[in-house]
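Summary of structural features
Listed below, chain by chain, are the residues.
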Amino acid sequence: EDQVTQSPEALRLQEGESSSLNCSYTVSGLRGLFWYRQDPGKGPEFLFTLYSAGEEKEKERLKATLTKKESFLHITAPKPEDSATYLCAVQGIGETSGSRLTFGEGTQLTVNP
Amino acid sequence: DTGVSQDPRHKITKRGQNVTFRCDPISEHNRLYWYRQTLGQGPEFLTYFQNEAQLEKSRLLSDRFSAERPKGSFSTLEIQRTEQGDSAMYLCASSATRLAGGTDTQYFGPGTRLTVL
């Protein structure tokens, strides 16, 4: 069974204070690892897909990296508008994985001005 | 693309009543997914369709839940005899498979917040 663990559960940063969020995963075979951003009361918003170890993707102040066991979402010089819950999900290639995404519980990020 | 839309956005019902939610996927997306999310948790997979065929259902999906995608376009999720434990955000997502020219990335709608009193 696919599993995803995110840490920390919550993170408070000052504006401009860079940090990283962690996503550890267990899958029989990885089809893709996905990062989403979710604002309160809204649906998840797609950020990145990573497919293989060593891959990196960047978007504005966010950079996602992938190893065989975990992914990091690096946030450089964050702004208050980056405050949200960041969700990590995996899609496995095993018979029991299907096309579903298995999500972690998320990291709630707060950036204070 | 206009994005995935869901209706209603909020639903309050009494225990024992039936409710139905609708999801309109991004046009030309051949896959449609339903997830459920409770407060402080990540979304949990319920079921998915490829075109009009329901290909997978989670063990979480009890007999009181049924989903349809009659013409391979919009989908409905019905919950019969609602229970207080059904209170959650119900999320719909859609994707286009690689064979259909997409990337299989799932794009989510705004969700339907269900409260069962």
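Heads up: these notes are all about the structure in this document. (Residues numbered from 1 in each chain as written. Chains lettered and ligands numbered in written order. Predicted model: local features only at pLDDT ≥ 70, side-chain atom pairs only at ≥ 80, totals over all residues. Heavy atoms only, no water.)

**Re the state of the cysteines**
Here a disulfide denotes one covalent bond, and it connects the sulfur atoms of two cysteines. Using the following cut-off: We call a pair of cysteine sulfur atoms a disulfide when they lie within 2.5 Å. Helix and strand definitions follow DSSP, with helices as H or I runs of at least four residues and strands as E runs of at least two, each counted in order from the N terminus. Each residue's exposure class comes from its accessible area (1.4 Å probe, protein chains only) as a fraction of the maximum for that residue type: buried when under 20%, exposed when over 50%, partly exposed otherwise.
Under the counting rule described, the total for this entry stands at two disulfides over all chains. Residue pairing for cysteine 23 of chain A: its cysteine sulfur links by disulfide to cysteine 88 of chain A, the two sulfurs lying 1.9 Å apart. Of note, the bridge from cysteine 23 of chain A to cysteine 88 of chain A carries an S-S torsion of about -60 degrees and is left-handed in sense. Taken as a pair, cysteine 23 of chain A in strand E3 (residues 19-26) and cysteine 88 of chain A in strand E9 (residues 84-92) lie far apart in primary sequence, 65 residues in all. Cysteine 23 of chain A sits in the buried class, given a relative accessible area of 0%. Here cysteine 23 of chain B engages in a disulfide with cysteine 92 of chain B; their sulfurs sit 1.9 Å apart. Sign of the S-S torsion, about -70 degrees for the bond between cysteine 23 of chain B and cysteine 92 of chain B, identifies this disulfide as left-handed. In this pair, cysteine 23 of chain B sits in strand E3 (residues 19-24) while cysteine 92 of chain B sits in strand E9 (residues 88-95), placing the two residues 69 residues apart along the sequence. Comparing cysteine 23 of chain B with cysteine 92 of chain B, the two get one shared label, buried.

**Things to note about the pairing of E3 of chain B**
Residue and element names in this part refer to chain B. For clarity, the threshold we go by: The criterion for strand pairing is that DSSP finds at least two bridges linking the strands in question.
Burial of E3 is one-sided: the residues Val19, Phe21 and Cys23 facing one way are buried, the residues Thr20, Arg22 and Asp24 facing the other way are not. Of the strand pairs in this sheet, strand E1 (residues 5-7) and E3 are connected by three bridges, and their pairing is antiparallel. Within E3, the position partnered with serine 5 by the bridge is aspartate 24. As paired elements, E3 and strand E8 (residues 75-79) share five bridges and run antiparallel to each other. From the neighbouring strand, phenylalanine 21 faces E8, where its bridge partner is leucine 77.

**Description of the pairing of strand E4 (residues 31-37) of chain B**
Residues and elements named next belong to chain B. Burial analysis of E4 places seven of its seven residues in the buried class, which makes it a mostly covered element. Residues of E4 alternate between two faces, with Arg31, Tyr33, Tyr35 and Gln37 on one and Leu32, Trp34 and Arg36 on the opposite face, all of them buried. The pairing of E4 with strand E5 (residues 44-50) spans six bridges and is classified as antiparallel. In the strand pairing of E5, tyrosine 35 is matched with phenylalanine 45. Connecting E4 to the antiparallel partner E5 that follows it, the hairpin turn spans six residues, and glycine 40 within it adopts a positive phi of roughly 80 degrees. Inspection of the sheet shows E4 paired to E9 by seven bridges, in the antiparallel sense. Considered in E9, the bridge of leucine 32 is made with serine 94.

**Regarding the side chain of glutamine 38 of chain A**
Counted only if it meets this: Residues adjacent in sequence count toward polar contacts only when both atoms are side-chain atoms; beyond that, a polar contact is any pair of N or O atoms within 3.5 Å, and within protein one must be able to donate a hydrogen and the other to accept it. Contacts between residues were defined by any pair of non-hydrogen atoms, one from each residue, lying within 4.5 Å.
Here glutamine 38 of chain A shows up in strand E4 (residues 30-38). By relative accessible area, which is 8% here, glutamine 38 of chain A ends up buried. One polar contact links the side chain of glutamine 38 of chain A to the main-chain carbonyl oxygen of lysine 42 of chain A, over a distance of 2.7 Å. What glutamine 38 of chain A contacts, discounting residues up to four positions off in sequence, is Gly43, Pro44, Ala84, Thr85 and Leu87 of chain A together with Gln37 of chain B.

**What about the interface of chain B and chain A?**
For clarity, the cut-off: Accessible area that two parts lose when put together, evaluated with a 1.4 Å probe and summed over both, is termed the buried area. In the sections that follow, a salt bridge refers to a side-chain nitrogen of Lys or Arg positioned within 4 Å of a carboxyl oxygen of Asp or Glu. Charged residues are taken to be Asp, Glu, Lys and Arg, nonpolar residues to be Ala, Val, Leu, Ile, Met, Phe, Trp, Tyr, Cys and Pro, and polar residues to be all remaining types, Gly included.
Of the residues lining the interface, 25 residues belong to chain B; the matching set on chain A comes to 22 residues. In total, chain B and chain A occlude about 1,600 Å² of area from one another, counting both sides; carbon and sulfur atoms represent 46% of this. At the boundary of chain B and chain A, one finds two salt bridges. Taking the shortest distance from any N to any O, the salt bridge between arginine 100 of chain A and glutamate 56 of chain B comes out at 2.5 Å. Linking chain B with chain A are seven residue pairs in polar contact (both at pLDDT 80 or more). Sorting the residues of the side of chain B that touches chain A by element identifies E4, E5, E9 and strand E10 (107-108) of chain B as the ones contributing at least two each. For the side of chain B that touches chain A, the leading source of residues is E4 of chain B, giving four residues. Each residue belonging to the side of chain B that touches chain A can be placed in one class, and the counts come to ten nonpolar, nine polar and six charged.

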